[in-house]
Every structure is written in structure tokens, then in C-alpha cells.
Amino acid sequence: MVLKIFFPICCSAAESGLLVGRWIPEQNSAVILAVIHFPFIPGQVKQYLSEMQHATQVKLSVLGSWTKTKQAKEESLDRFLEDLGTIFSHDPWIQLSKEKGSKFWSCSASWKDSNGNEEDENILVYYDQRKVMLSQLHPAQDQVVSSDQKTVEASKLVAVFDTVAKSKLLFMKDRYDEGPVKLTHWQSEGVEASIIVELLKQASVPACMLITFLLSLVCGICKSRVLTFWPLSFIWSKLSTCEQLGHRLQHLQIISSRRKAPNQTQLMRKANIFLSLLIDMTLGILLMSWLYQKNRIGHLANALVPMADHVAQQLQDLLQWLMGVPAGLKMNRALDQVLGRFFLYHIHLWISYIHLMSPFIEMILWHVGLSACLGLTVALSIVSDIIALMTFHIYCFYVYGARLYCLKIYGLSSLWRLFRGKKWNVLRQRVDSCSYDLDQLFIGTLLFTILLFLLPTTALYYLVFTLLRLLVVIVQGLIHLLVDLINSLPFYSVILRLCRSYRLASGVKFRVLEQEAGKPLRLLMQVNHVIA
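Residues numbered from 1 in each chain as written. Predicted model: local features only at pLDDT ≥ 70, side-chain atom pairs only at ≥ 80, totals over all residues. Heavy atoms only, no water.

### Things to note about the packing of aromatic side chains
Then, in step 1: If you walk through the whole model with that rule in mind, you get 15 aromatic pairs.
Then, in step 2: An angle of 65 degrees between the planes, with centres 4.8 Å apart, marks the rings of Phe343 and Phe397 as edge-to-face. You can see Phe343 sitting in helix H10 (residues 333-370) and its partner Phe397 sitting in helix H12 (residues 392-419), a full 54 residues away along the chain. Considered together, Phe343 and Phe397 belong to a single accessibility category, that of buried residues.
Then, in step 3: Both rings, one in Phe397 and one in Phe465, keep their centres 5.2 Å apart while their planes meet at 40 degrees; by these two values the pair is tilted. Of this pair, Phe397 sits in helix H12 while Phe465 is found in helix H13 (residues 438-488), placing the two residues 68 residues apart along the sequence. There is no split in this pair, since Phe397 and Phe465 are both buried. (Phe/Tyr/Trp six-rings, centres within 6.5 Å; stacked < 30°, edge-to-face > 60°. Helix = DSSP H or I, 4+ residues; strand = E, 2+ residues; numbered from the N terminus. Buried < 20%, exposed > 50% of the residue type's maximum accessible area, 1.4 Å probe, protein only.)

### Let's talk about the confidence of the model for the chain
Then, in step 1: Taken as a whole, the chain shows an average pLDDT of 80; of its residues, 81% reach a score of 70 or greater.
Then, in step 2: Scored below 50 in pLDDT, residues 140-147 makes three contacts in the model with residues more than four places away or belonging to other chains. (pLDDT = per-residue confidence, 0-100. Contact = heavy atoms within 4.5 Å.)

### Brief notes about the UniProt feature "transmembrane region" (unreviewed entry) in the chain
Then, in step 1: Here, the residues flagged by UniProt with the feature "transmembrane region" (unreviewed entry) are residues 273-292, 338-356, 368-391, 440-464 and 470-495.
Then, in step 2: With 95% helix and 0% strand, residues 273-292 has end C-alpha atoms that lie 29 Å from one another. (UniProt positions renumbered as here; feature names shortened; annotations may be inferred.)

### Re the packing of H10 against H12
Then, in step 1: Put simply, H10 and H12 touch, their axes get as near as 10 Å, and they point 155 degrees apart. Considered as vectors, H10 and H12 are oriented roughly antiparallel to each other. Seen from above, H10 lies across H12 with right-handed handedness. Of the residues in H12, those touching H10 at Leu335, Leu339, Phe342, Phe343, His346, Ile347 and Trp350 are Phe392, His393, Phe397, Tyr400, Leu404 and Lys408. (Axes fitted to C-alpha atoms, helices over the stretch in contact; angles between N-to-C directions. Parallel < 35°, antiparallel > 145°, perpendicular 65-115°, else oblique. Left-handed = near helix turned anticlockwise from the far one by under 90°.)

### A look at a nonpolar patch on the surface
Then, in step 1: There is a patch of nonpolar side chains on the surface, built from Leu463, Leu467, Leu470, Ile474, Leu478 and Leu481 and spanning about 600 Å² of accessible area.
Then, in step 2: Summarising the element assignment, Leu481 is placed in helix H13. (Patch = residues over 30% accessible without salt bridge, like charges linked within 9 Å, V, L, I, M, F, W, Y side chains within 5 Å. Areas by Shrake-Rupley, 256 points an atom, 1.4 Å probe, with all protein chains shown as cover. Salt bridge = Lys/Arg side-chain N within 4 Å of Asp/Glu carboxyl O.)

### A closer look at unusual backbone geometry
Then, in step 1: Phi at Lys294 takes a positive value of approximately 55 degrees, unusual for a residue other than glycine.
Then, in step 2: Topologically, Lys294 is positioned in the loop between helix H8 (264-291) and helix H9 (296-323).
Then, in step 3: Non-glycine residue Gln429 carries a positive phi angle of around 55 degrees.

### Considering helix H1 (residues 42-56)
Then, in step 1: Between the first and last C-alpha of H1 there are 21 Å, a value that for 15 residues agrees with the 21 Å anticipated at 1.5 Å per step.
Then, in step 2: Of the residues making up H1, those classed as buried are Val45, Tyr48, Leu49, Met52 and Thr56. Buried residues of H1 fall within an arc of 95 degrees about the axis and therefore sit on the same side.
Then, in step 3: Looking at the residues trailing H1, positive phi occurs at Gln57, about 60 degrees. (Expected span 1.5 Å × (residues − 1). Arc of directions from axis to C-beta.)

What follows is the structure, given as C-alpha cells:
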């Protein structure tokens, strides 16, 4: 019979005492959780374990005895520890001890019903109690366990992980606590906690209540009918700033919710969102402090109008080039002049508007800089909207060129069907055969020729304005990419992966430490880290 004993590494330096843990009869395994030291009263130990069992819902019991260093003068102690097996009456009674001057341990298990003919094969598995406790390898309560062989094998270890995870209350007692029972476990030197974290937990309750109340008011205003009317609904759907503010409102609602996360995945999601908000606001405040130093906003406002004039001059030069003989192409001069003057007039109107707004640009930028306190993503979204407004004339050029080009293509395709004796049936949404008379064919030929000769001029304007619009879209796309990166990057998971990778464990692996005939096989159970 193979007996598996899971022993915590932190207890290997513990003083002699009793082994406390859980016996799993289905797997013939013993999970050691702590060591009880002398002096103790057996009745008080039983009462303490009964209270822990009721609180943790884990069947805790005294599984055996532990001797730190086995020496000849400690034979009386060994005899006393063997006698304790009759008091606590656990079957089997496990005896573990270190051998002095040797790296091997002696391990024996005595069964009440044993006839002495069968020799047990003992396997001693060391595990890091802290990593197993914090790795969240135990499944959720509502997890459905499948019946395949791989899952059945994994469920055997799940029982071990679940035992350690549910014994959290047992690990809250350190050696500085006053009481009749002294324990050694992974937190016996002091409960792992931070005073700052505990104070933040206490302060977070009223803060979350205040934030929840304010968010309910803001969400009520956002869902009111006022924003459903035009043009507010149109502005809300088109501006990146409104979209980002709505995104952050959802994040704040998730963080300030008083409902406890149902599982580890939701808890990690909340932590990632909280850290993302914290980093976003920190970067925004740093940007705001940089902008308001050394009158950088004034310098930016003074450079904005000359920059707009330079862009307008470049566009005018481009249009003058298109109105001539671009790349040696012979364009339709009449259409070329009409389109060129039309777009030049738009540029003139736009520059006039910029110069009209120039006295207020610094004030606008000053108030925009204040929005950085809401986060860097909000400031970047406002920058994206400003770029969209500053390049609105380029967008108009693109729309005009696209409409003209599509109109020409649609007219050519319709007239091409006329030459083939076809027409588009609007009612049936299909192409049907049709017979045309001579006058219809003559007029169709004239229109087809006119559209065909005007197509290169329209196509060139459309191509140039498409490239300009593409350049603006690329700049806005880079800004949106940075915003999405801050919003979606799991900062908390990345920090855990770098600092405490066992919190993102994907499983365990076993490594053989020593193996010798007549000695228990010693294995080390290590937590597998998630591969990034």
C-alpha cells in the first residue's frame, strides 16, 4: 500500500510536536497543515481542532507526531509521542523524524488492523504552503468536474489544494498569539499583511459608498431623455471623449460595487480595472503638471495658428499643382478649375475661422489641460477630437471627392448596361433585359463619353484627398491605440507575473529529491507558472 504524505516545507524546522492536517481515505493521503508544539493539553487540542473544523468545514485531526532531530537521548520523547497515538486514536498514526547527520527522513505509519506482513511504501511530498494557499489552484464551488481520466487524476490534487485553501483561518494564528495551542505554519512568524492595506480596506467602504452615490447621479443624467434628442445624441455618439467617459463610468461602477467578486477571475478583473484607472489618472496628473509649468500652454497656443497656416499653405500648393498638369497628365481643364477653386474657397473659409478663434485658443487649451486630471486617456480622447475638428476641411474634401467619384462610377456602370441591352429592375432588385430605341442609345453614348473623359480628373482628386484623409486617420488611430492599451492592458496580472508568478499558477510539477532503498521517496511539488 502506498501512503502519500504532503508535508509543508515551512514545518521542516519546527520543534517536535503533533502533526495536524486532513486524512483523505479515498487517496490514502495525509495533508499536513501545521505542527502543534509542547507543552499542550490533549483536551485543549481536541477542542481547538473541533472549533477549526466547524469554522473551516475541513475535517482536521491529529495525524501523527513529528520529531525535529532523532537522537539517542530523545528515546523517551519518541515513546511519549507514540503513546499520544492512543489518545488521539487516528488510523494510521504517522511518525516523521529527521535523522541527525543525514538528509533522509524516517517515516513510519502504524495501522490498527495491520497484520504486519504488508509493508507500506511511503512517499513524502514537500510543498510550499504559501504558494499553494495563494495560487488559487482549487476549483470554484460551481465548477463541474468531467469524468475523463485526466480530470480524475487532477481531482486528486485538487483535494489537496482545496484543503490548504479552506484552512485559511488555521493559518491566522501565529506564535505571538496567547493561547493554549502553539502552531507552526507558513504564517507562524506573523500574519502576512500590510498596515497600509488594512487601513485602505477600512477607508474604502465609505469611499465606495460615496462614489456609488455620485455615479448613480451621473448615470441617471446620462440615461435621461435630454441626451436622446438631436444634436446631443449625435455629439455623444461621434466624440471620442464622450465614449471614453462612458467607458470610465462603467469601470468605476464595477470597482465601487459592494458585491463581492464571485470567483478569482472576476476579482482579477476588478484589480486590473482599478490599477488601470490608477495608472491612467497618475499619468494624467503628471501631464497636467507638465503643461502648466513654464507657460507651455501659451507656447502651444501660439504655435497652433502658424501650424494651421502652414498646413493650409501646403494644401493650397497641392491644389494649384492639381489645377495645372499634375505628373504630366492632361486633365479636363474646366472641371479641374471648378474643383480646384471650390476646394480653395473651403480652405480660405477654414483659415478665416481659425484666425477668428485665435484669441480664445489659449483659454480653450487651458481648460482642456484640466481634463487630464480625469486620466491620460480622457486627455488623449480630447486631443483626438481636436484633431478631427482641425482637419474637418480635409474630411469634407474627402467626402466631396468620394461622392463625385462614386457618382461617375455609378453612371458609367448604368450606361454600360444600356449598351448590353440590360437595365436595373428596382422592384425585383436584379438586372433584366430591355430593348432601347435609337435616340436612347445616342443619348446614352454621349453621356458615357462625357463621364468617361471626366473620370480621370475626378479620380485624381479623390485619390489625393483619400491619402490626406488616410494620414489623419492613422494619427487618430495611433492615439486610439494608446487609449485602448491603457484601458485593456491587465496591469495587475502583469505585475503578479513579474513579482508573484505563483498567483497565476497553471498547475504543479513534481521533482524527485532523493530516493534510496528502505527510505521514503522524497518529492518536491512545485507550482507551474503561466507562460506569458
